[in-house]
Each structure stands twice: as structure tokens, then as C-alpha cells.
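Listed here are the chains, written in short residue letters.
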Amino acid sequence: MDYKKFIEEQIAHIKETVGREKVINALSGGVDSSAVTVLGHRALGEQLRTVFIDNALMRKGEPQRVVKLFASLGIDVELVDAREEFLSALAGLTDPEEKRQAITDTFYSKVFGRLVRQYGAKFLLHGTILTDIEETVAGIKRQHNILAQLGIDPQAAYGYSVIEPLKTLRKDDVREVTKVLGLPAEISQRIPFPGPALATRIVGEVTLDRLETVSAATAIVEEELADSGAFQYLAVLLTDRATGIRNNKRQFGQIIVVRCIESTDARTATVTPLPWDKLNGICGRITQIKGVNRCLYDLTPKPPATIEYI
Ligand code: XMP
């Protein structure tokens, strides 16, 4: 694939579609939304406003880190604090698809709807990729960023049109585009991180406490596996509990699952055969997290499992 040509075509397409209207996009710091942000700014400059929506579900320090990184690339990103809105929309929900739906509604309808009205934007620039569309259409799971392909007319539902410059690409192609766009390896080589963020790694209700537990486990897994070369690695908090021993007393503690996989496009995945010492080290650190007394390594490929847990 000729990535330079792809970039030129998309820039021309964005300019032509948008005309003189205002455009908005949400950056999460992942590969897809980062690529779209740079493409959009190349095409539109000041006509594009980029926001980072802090949904309370990101990794620790992530919003500030991403805003700073893009500032160093000359792109202004506005940090929008929507933590309360997301947490209250998720309160009491345990069903995976209901949780995804709540995140989708809060994102597109409430938070984005408000930003679009405030800014007077007519278009939303979006980092949807081919795998998102395929899996949603196949009914495997509703990726939070899919609208038109599910028969939702964003113009009628939310009052703006959606432009999806990456919708014909898979993850490996997006990484190449990101490199050609001149983004640092820190972004082009980033492991995938889902839009609904840590909510996809909490089975059961998403609460501040449970977010804290999974985010502590995520930090450990990401640090320990940073040089593993794996496609994606993550930590998941289950609702099940298990008996253990803490300070010589019985503890009915929480369970964290570690997942580390090899893949090229996330459609299928195999499990990384991590060295025993590495797994033991991770287990030792994860069971130091408050309330956690078990750590499991998930041996399931995709299919039959998916990569995330909800
Ligand atoms: P699954 O769990 O479907 O994940 O095997 C496939 C890849 O997609 C990521 N993922 C998402 N990305 N919005 C996203 O932007 C989502 O709703 C979403 N769900 C899963 C996941 O991390 C994996 O890389």
C-alpha cells in the first residue's frame, strides 16, 4: 500500500467534505485517534478543534500525558473533564453491552453533543478502522465508535456528520500511516487501547474503587511487558472472589487476569508464551495491590475468546 498517497487522498477528501465548516475530533492518544488528529490538522489547521475527553476510565495520568505530547507536536488539545458524567452513567450496570451502550450514549449524545453545539461544529472526525466495523456488523460486539454501519444516522441522532478517514485500514496499516505522518514511535508503536478504556477490563460494575484496582494492575502489566514485543497486554478485574491468606488471616480477595497476545490485526490472536519468571514476577506485584489475592494468566486464543473482557 502507498501510505503517502493514502494520506494525500484523505487530506484532500477531508478538505473537500468539510468546506468552510468547523470540525471537531476526540483524541484518546491511541494509534487510530492520533493518526486522525494529525491528518485532520494537516487538512484543516485551525478549523479543527481537538478535545481529549477525560471519561475517568483512562490509565493513570494519561489525559495530561497525551495533551503534553501533542502540544510538543504543535497541536493544541483541550482537556474536557467528563468523569462524573461517565461514572454516573455506568453506576449500577453490569451487563457488558449495557455498559458499552452507556459509554456510547454519554460520549456521543451528552458530552460530544454539548461540545459540538458550543463550538458550532458540523463534522466529527473519527478514527474508526475496518476491524471495528467488521466486528460490529458481524454482531460480535458493539465497538463504541460505530454509528452509520449500525443504521444510526449521526446527523439525525446527534446533529453532526461523521468523517472516517481510516475506515478502510487495519491496525498494522494505521501504524504505518502514523509513522509516515511523522508521529513518534511512542504513538505509532503503542499497543491498542479500546475506546471504552478500562471499562472493557472490569467485569461487573465500574466504580471508582474497581477502576483504581484495575488501573494499578494495568500499570504493572504495561511496565513488565513493555519490551515483550507482544501485540497487546492488559489486566482485567473479575467479579468472582477467592479465598486467600493475608497477614495470617483469611481474605476473600479479588482476582486479576493478565492477558498478553500476539496478533497482526486483532481479528484473531494467540497467547504469548511468556517466560515463567516473568509471569511469577507479575503475579508477585499484582497480588500486592490492595484487596487482590489471585493473579491468573489467560491461555485462551481469539477465537473463541475476544481480546477484551466485555
Ligand atoms: P476484541 O475484544 O473485540 O478486541 O477482541 C479487538 C481489538 O479492539 C480493541 N477494542 C476496542 N477498540 N473501541 C475501540 O476503539 C472498542 O469498543 C473496543 N473494544 C475492543 C481491543 O483492545 C483489541 O485491540
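What counts and how
- Residues numbered from 1 in each chain as written.
- Predicted model: local features only at pLDDT ≥ 70, side-chain atom pairs only at ≥ 80, totals over all residues.
- Heavy atoms only, no water.
- Helix = DSSP H or I, 4+ residues; strand = E, 2+ residues; numbered from the N terminus.
- Buried < 20%, exposed > 50% of the residue type's maximum accessible area, 1.4 Å probe, protein only.
- Contact = heavy atoms within 4.5 Å.
- Axes fitted to C-alpha atoms, helices over the stretch in contact; angles between N-to-C directions.
- Parallel < 35°, antiparallel > 145°, perpendicular 65-115°, else oblique.
- Left-handed = near helix turned anticlockwise from the far one by under 90°.
- Nonpolar A, V, L, I, M, F, W, Y, C, P; charged D, E, K, R; others polar.
- Disulfide = S-S within 2.5 Å.
- Arc of directions from axis to C-beta.
- Expected span 1.5 Å × (residues − 1).

Things to note about the side chain of Gln 10
Tracing the sequence through the fold places Gln 10 in helix H1 (residues 3–18). The exposure class of Gln 10 is buried, given its relative accessible area of 14%. Contact partners of Gln 10, with chain neighbours within four places excluded, come to Leu 39 and Pro 165.

Focus: the packing of helix H10 (residues 208–225) against helix H11 (residues 276–286)
At a minimum axis separation of 10 Å, H10 and H11 run at an interaxial angle of 155°. The angle between H10 and H11 falls in the class roughly antiparallel. The way H10 lies across H11 gives a crossing that is right-handed. Here Ala 217, Ile 220, Val 221, Glu 223, Glu 224 and Leu 225 of H10 lie close against H11, whose contacting residues are Lys 278, Ile 282, Arg 285 and Ile 286. The residue inventory of the contact of H10 with H11, partitioned by class, reads six nonpolar, no polar and four charged.

Observations regarding the state of the cysteines
Evaluated as defined, the whole model comprises zero disulfides. Of all cysteine sulfurs in the structure, the one in Cys 283 sits closest to Cys 295, which takes part in no disulfide; the separation is 4.6 Å.

Considering the packing of H1 against helix H8 (residues 171–180)
Viewed as axis vectors pointing N to C, H1 and H8 meet at an angle of 80°, and their least axial separation amounts to 9 Å. By the angle class used here, H1 and H8 are roughly perpendicular. Contacts from Tyr 3, Lys 4, Phe 6 and Ile 7 in H1 reach Asp 173, Glu 176, Val 177 and Val 180 in H8. When the residues that make up the contact of H1 with H8 are grouped by side-chain class, the tally is five nonpolar, no polar and three charged.

Considerations on H11
Along H11, the residues that are buried comprise Leu 279, Ile 282 and Ile 286. Along the axis of H11, the buried positions cluster into a sector of 65°, meaning they face one direction only. Of the exposed residues in H11, those oriented more than 90 degrees away from the buried face are Trp 276 and Asp 277. Residues of H11 that are buried sit in contact with H10, strand E7 (249–262) and strand E9 (292–297).

Some remarks on helix H2 (residues 31–44)
Counted at 1.5 Å a residue, the expected span for H2 with its 14 residues is 20 Å, and the 20 Å between its end C-alpha atoms agrees. Here H2 lies mainly inside the structure; 13 of its 14 residues are buried. Residue Gly 45 follows H2 closely and has a positive phi angle near 55°.

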